[in-house]
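Structural description and commentary
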Amino acid sequence: IVPLANEAVFGELFLKDALAVGYKTPEGGAFPERLTSTFTLLRLCSDVILYASGSEKRAVVARLLGAREERLSLFPAQFLKRLPQATLFTDVERAP
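Residues numbered from 1 in each chain as written. Predicted model: local features only at pLDDT ≥ 70, side-chain atom pairs only at ≥ 80, totals over all residues. Heavy atoms only, no water.

Here's the deal with helix α1 (residues 7-14)
- If you check which residues of α1 are buried, you get F10, G11, L13 and F14. The buried residues of α1 all sit within an arc of 170° when viewed along its axis, so they share a single face.
- Those residues of α1 hidden inside the fold are in contact with β1 (20-24), β2 (33-37) and α2 (39-44).
- With a side-chain oxygen positioned 3.0 Å from the backbone nitrogen of A8, the residue opening α1 is N6. (Buried < 20%, exposed > 50% of the residue type's maximum accessible area, 1.4 Å probe, protein only. Helix = DSSP H or I, 4+ residues; strand = E, 2+ residues; numbered from the N terminus. Arc of directions from axis to C-beta. Contact = heavy atoms within 4.5 Å. Polar contact = N/O pair within 3.5 Å; in protein donor to acceptor, adjacent residues only side chain to side chain.)

Here it is in structure tokens:
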């Protein structure tokens, strides 16, 4: 689920009852057409497993583990905190 500054577009894509949606990334790139799950699908899962590896994920993992609430459209990963069971595997070390 991609972050989008436009909350209306974010809601149309990811907050509807569909289990998955197709969309084009704003940045384009090698694979601009994507298919992803929605929050509806994630709510139906008994356990969500997330794997985040590499130094480029360090800031995202730190934000996810932080206590600050952010707009869901700007940081969709925080939705994982709302699930009854989510497991994060990462090579990023947590600060003491």
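Now that the structure has been shown, the text picks up again.
Here's the deal with the environment of L74
- Within the fold, L74 resides in the loop between α3 (58-65) and β4 (86-90).
- Among the residues examined, L74 registers a relative accessible area of 38% and is labelled partly exposed.
- Each C-alpha atom of the pair L74 and V48 lies 21 Å from the other, and the pair is 26 residues apart in sequence.
- When near neighbours in sequence (up to four residues on either side) are disregarded, L74 contacts P3, L4, A5 and R63.

A closer look at the pattern of salt bridges
- Counted under the stated rule, the structure contains five salt bridges.
- Salt-bridge contacts for R71 lead to E7; the nearest nitrogen and oxygen are separated by 2.9 Å. Linking R71 in the loop between α3 and β4 with E7 in helix α1, this pair joins segments that are 64 residues apart in sequence.
- You can call R71 partly exposed: its relative accessible area is 39%.
- Its salt-bridge partner being E33, residue K24 comes within 3.8 Å of it at the nearest N-O pair.
- Its relative accessible area of 61% is what places K24 among the exposed residues.
- Where salt bridges share partners, they join R63, R68 and E70 into one cluster. (Salt bridge = Lys/Arg side-chain N within 4 Å of Asp/Glu carboxyl O.)

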